[in-house]
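Structural overview
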Amino acid sequence: MIDVKRRTRWENCGLCGEFRITTREHVVPRSLYPVSKSNSTFQRITIAACATCNNGTADDDAHFRNVVVVAGEPNDAVKELWSGPVHRGFDQVDGRRRARDLFNLMRPAPDIGPNLYRIYPAEDPRVLRIIRKIIRGLSRYHELTGPVSDGQVFADVLRQPIPQEIVAAMEHKTAEPDILEYGYLCLDEPPGLLSAWFLRFYERTSFLGLVFADEAARQEHIDPKPNTQRGSNAA
Ligand SMILES: [Zn+2]
């Protein structure tokens, strides 16, 4: 969908670095913020991004929000989102698809109780793509490096607690901890690894990110994982 009201200009895209027609794009998707937080200054941080880099991300943003909103105990920000835009989203034309996208990630968890489910955000490439995009945007915003391509970033859910000494060394940003708290550490060891990130949404769902000098360095450090989608798109 093209929003004609959006101002466009020629400049270097903050995500891919190419000189292209760009629009200002939010580094942290607006859809993650409930109405009561709409005056957040952090939420208004934007970078220039081209149409190629933005392609399809508005839909993925909404899906990403739905996933992090259902994962775990809700805080007040989540409750507000759940009763507002998330619910409304399911009532829209493509609401069934959105709901199905979400349910495809849920697995019955009889060990914790009847009718309870676990959700696995890392199984969904769209979720991880948004994490990578946020990290690319934040990397640019903090001027850590030049533009970071999608291929330079590895993202996953945080599977182990980050060692305390690394947390202590990280640059911490807690603009709105009830929405997004994040930290990063610039590295030059091992060669090719530029920075490490953690992002925690709504005080509970945490992701890890690693930014490499280029795609080859990422492939060298991170073994490509087998496809873990398990047919979740086959509804
Ligand atoms: Zn771009």
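Residues numbered from 1 in each chain as written. Predicted model: local features only at pLDDT ≥ 70, side-chain atom pairs only at ≥ 80, totals over all residues. Heavy atoms only, no water.

Let us look at the packing of aromatic side chains. What characterises a pair of aromatic rings is the spacing of the ring centres plus the angle enclosed by the ring planes. Scanning the entire structure with this criterion turns up eight aromatic pairs. Ring geometry for Y182 versus W197: centroids 6.2 Å apart, planes at 25°, classification stacked. Of the two residues, Y182 sits in strand β8 (residues 180-186) while W197 sits in strand β9 (residues 193-201), which places them 15 residues apart along the sequence. With a relative accessible area of 0%, W197 lands in the buried category. Pairing Y184 with W197 gives two aromatic rings, centres 4.9 Å apart and planes at 35°, and the pair type is tilted. Taken together, the positions of Y184 in strand β8 and W197 in strand β9 put the pair 13 residues apart, joining distant regions of the chain. Note on Y184: relative accessible area 7%, which makes it buried. (Phe/Tyr/Trp six-rings, centres within 6.5 Å; stacked < 30°, edge-to-face > 60°. Helix = DSSP H or I, 4+ residues; strand = E, 2+ residues; numbered from the N terminus. Buried < 20%, exposed > 50% of the residue type's maximum accessible area, 1.4 Å probe, protein only.)

Between helix α2 (residues 57-70) and helix α5 (residues 125-141), the shortest axis-to-axis distance is 9 Å and the interhelical angle comes to 105°. The angle between α2 and α5 places the two elements in the roughly perpendicular class. In contact with T57, D59, D60, D61, H63, F64 and V67 of α2, α5 contributes R126, V127, R129, I130, I131 and K133. Among the residues making up the contact of α2 with α5, the classes are represented as five nonpolar, two polar and six charged. (Axes fitted to C-alpha atoms, helices over the stretch in contact; angles between N-to-C directions. Parallel < 35°, antiparallel > 145°, perpendicular 65-115°, else oblique. Contact = heavy atoms within 4.5 Å. Nonpolar A, V, L, I, M, F, W, Y, C, P; charged D, E, K, R; others polar.)

Moving on to the coordination of the zinc ion. Distances from the zinc ion to its protein donors, C13 (SG), C16 (SG), C50 (SG) and C53 (SG), fall at 2.3 Å. Of note is the zinc ion, whose four donor atoms meet at the metal with angles of 103 to 115° in an arrangement that counts as tetrahedral. In the primary structure, the donors to the zinc ion are separated according to the pattern C-x2-C-x33-C-x2-C. Separated by 34 residues along the polypeptide, C16 in the loop between β1 (9-12) and β2 (19-26) and C50 in strand β3 (residues 46-50) bring together distant segments of the chain. By relative accessible area, C16 is classed as partly exposed at 27%. (Donors = N, O, S within 2.8 Å, 3.2 Å for Na, K, Ca; no water. Tetrahedral: all angles 85-135°; square planar, octahedral: opposite > 155°, others 65-115°.)

By size, the foremost hydrophobic cluster in this structure holds 46 residues, and its most contacted members are F64, L199, F201, Y202 and F207. Sequence-distant contacts of F201, that is, excluding residues within four places in its chain, are made with L32, F64, I131, I134, I179, L180 and F207. Counting residues in each nonpolar core, the second largest holds seven residues, with F154, L210, A217 and I222 among its members. (Core = buried A, V, L, I, M, F, W, Y, C linked by side-chain atoms within 4.5 Å.)

Our focus in this paragraph is the environment of E176. Mapped onto the secondary structure, E176 falls in strand β7 (residues 171-176). Separated by 27 residues in sequence, E176 and E203 have C-alpha atoms that sit 9.8 Å apart. Leaving out residues up to four positions away in the same chain, E176 has contacts with Y33, K37, S40, T41 and F42. Polar contacts involving the side chain of E176 include one to the side chain of Y33, which spans 3.3 Å. (Polar contact = N/O pair within 3.5 Å; in protein donor to acceptor, adjacent residues only side chain to side chain.)

Tallied over the full model, the rule gives 14 salt bridges. Between K37 and D178 there is a salt bridge, with its nearest N and O atoms 3.1 Å apart. Placement of K37 in the loop between β2 and β3 and of D178 in the loop between β7 and β8 is noted, with a sequence separation of 141 residues between them. Among the ionic pairs, D101 bridges to R97, the shortest N-O distance being 3.3 Å. One end of the pair, D101, and the other, R97, are both in helix α4 (residues 95-103), four residues apart, so they sit about a helical turn from each other. (Salt bridge = Lys/Arg side-chain N within 4 Å of Asp/Glu carboxyl O.)

Okay, the sheet that holds β1 next. In spatial order, the strands read β1-β2-β3; together these three strands make up an open sheet with antiparallel pairing. Of all the strands in the sheet, the pair left with one neighbour each is β1 and β3. Across the sheet, the mean angle separating the axes of adjacent strands is 65° when strand polarity is ignored. Here β2 runs beside β3; their pairing, made up of five bridges, is antiparallel. If you follow R24 over to β3, its bridge partner there is A48. (Pairing = 2+ DSSP bridges.)

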